[in-house]
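Inside the fold
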Amino acid sequence: MGLLAACGETEVKEVSNTDKKDEKQELEKVEIPNKPFKVGDIVSVNGLEITITSAKYSEPSEYTPSVNGKIITLDVSVKNTNAEQAFIDNTEFAIYDAEGTKMEDYYGYDEMAISDNVNAGKQLQGKLYFDVKEQETFELIYTPTFTMDSKEIIFDINVQ
């Protein structure tokens, strides 16, 4: 997905984990793109298949303490099904606690958060880090950068 080709309305759909769903079920999912997705769901956003594969608490770095008490690490898998290169970045993701308060990104680890171009037909694995208060669920919002409509894709995150 090139920079100019990506500007426009955001296409969001859930990708089936099995081949047993019929076309009517897939169309229904396309019509309801604002439903919250879950850890493990494959969500196609403008040809990028994004999956939050796990959510767990991690210990903060020795040199960068947690302001809110805990660090949540989200493992992310991205597959580019487009014919052109596409970009994904940790700044396109925001996480909110149960009260709707935005939690801060965490930059205390040597391994950087996901941020890269994904070539056509290729995959990328990475992580997202957030400094959070300990609780069971969070709301993660992904807003693709290069679109005109600023569509938000919502994930309900249950920490394991």
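Values in this document were obtained by computation on a predicted structure and should not be read as measured data.

**Notes on the packing of aromatic side chains**
Counted under the stated rule, the structure contains 4 aromatic pairs. Joined through ring pairs, the aromatic side chains of Tyr106, Tyr109 and Tyr129 make up one cluster. Across from the ring centre of Tyr57, 5.9 Å away, lies the NZ or CZ of Lys70, which sits over that ring.

**Quick word on the pairing of strand E12 (residues 153–158)**
Sheet analysis places strand E2 (residues 37–38) next to E12, joined by 2 bridges and oriented parallel. Within E12, the residue paired with Phe37 across the bridge is Phe155. Two elements, strand E11 (residues 137–142) and E12, share 6 bridges in a ladder whose sense is antiparallel. Along E12, the bridge assignment pairs Tyr142 with Ile153.

**Here's the deal with the environment of Asn80**
Looking at the secondary structure, you find Asn80 in strand E5 (residues 70–80). Contact partners of Asn80, with chain neighbours within four places excluded, come to Gly47, Leu48, Gln85, Ala86, Val118, Asn119, Ala120, Gly121 and Lys122.

**A closer look at the sheet that holds strand E3 (residues 42–45)**
With mixed pairing, 10 strands are arranged side by side in an open sheet as E1-E3-E4-E5-E10-E8-E7-E11-E12-E2. Pairing within the sheet leaves two strands with one partner each, and these edge strands are strand E1 (12–15) and E2. Pairing geometry for strand E7 (residues 93–96) and strand E8 (residues 102–105), over 2 bridges, is antiparallel. Across the sheet, the residue bridging to Ile95 is Met103, located in E8.

**Observations regarding the pairing of strand E4 (residues 48–58)**
Regular strands place side chains that alternate from one sheet face to the opposite one. Within E4, 8 of the 11 residues are buried, which leaves the element mostly enclosed by the surrounding structure. Where E3 lies against E4, 4 bridges are found, and the strand directions are antiparallel. Residue pairing in the sheet places Ser44 in a bridge with Glu49 of E4. Hairpin remark: E3 followed by E4, antiparallel, with 2 residues in the connecting loop; positive phi at Asn46, about 50 degrees. Where E4 lies against E5, 10 bridges are found, and the strand directions are antiparallel. Paired with Glu49 across the two strands is Lys79, which belongs to E5.

**Considerations on the nonpolar core**
By size, the foremost hydrophobic cluster in this structure holds 30 residues, and its most contacted members are Leu74, Ile88, Leu140 and Phe155. Those elements that provide at least two residues to this core are E3, E4, E5, strand E6 (86–89), E7, strand E10 (123–132), E11 and E12. Non-local contacts of Leu74, meaning those with residues more than four positions away in its chain, are made with Ile52, Ser54, Ala55, Ile95, Gly126, Lys127, Leu128, Phe130, Leu140 and Ile157. If you look at the next biggest cluster of nonpolar residues, it comprises 5 residues, including Tyr106, Tyr109, Ala113 and Tyr129.

**A short note on the side chain of Ser77**
Mapped onto the secondary structure, Ser77 falls in strand E5. You can call Ser77 buried: its relative accessible area is 13%. At 3.2 Å, the side chain of Ser77 and the side chain of Gln125 are in polar contact.

Conventions we followed
- Residues numbered from 1 in each chain as written.
- Predicted model: local features only at pLDDT ≥ 70, side-chain atom pairs only at ≥ 80, totals over all residues.
- Heavy atoms only, no water.
- Phe/Tyr/Trp six-rings, centres within 6.5 Å; stacked < 30°, edge-to-face > 60°.
- Lys NZ or Arg CZ within 6 Å of the ring centre and 35° of its normal.
- Pairing = 2+ DSSP bridges.
- Helix = DSSP H or I, 4+ residues; strand = E, 2+ residues; numbered from the N terminus.
- Contact = heavy atoms within 4.5 Å.
- Buried < 20%, exposed > 50% of the residue type's maximum accessible area, 1.4 Å probe, protein only.
- Core = buried A, V, L, I, M, F, W, Y, C linked by side-chain atoms within 4.5 Å.
- Polar contact = N/O pair within 3.5 Å; in protein donor to acceptor, adjacent residues only side chain to side chain.

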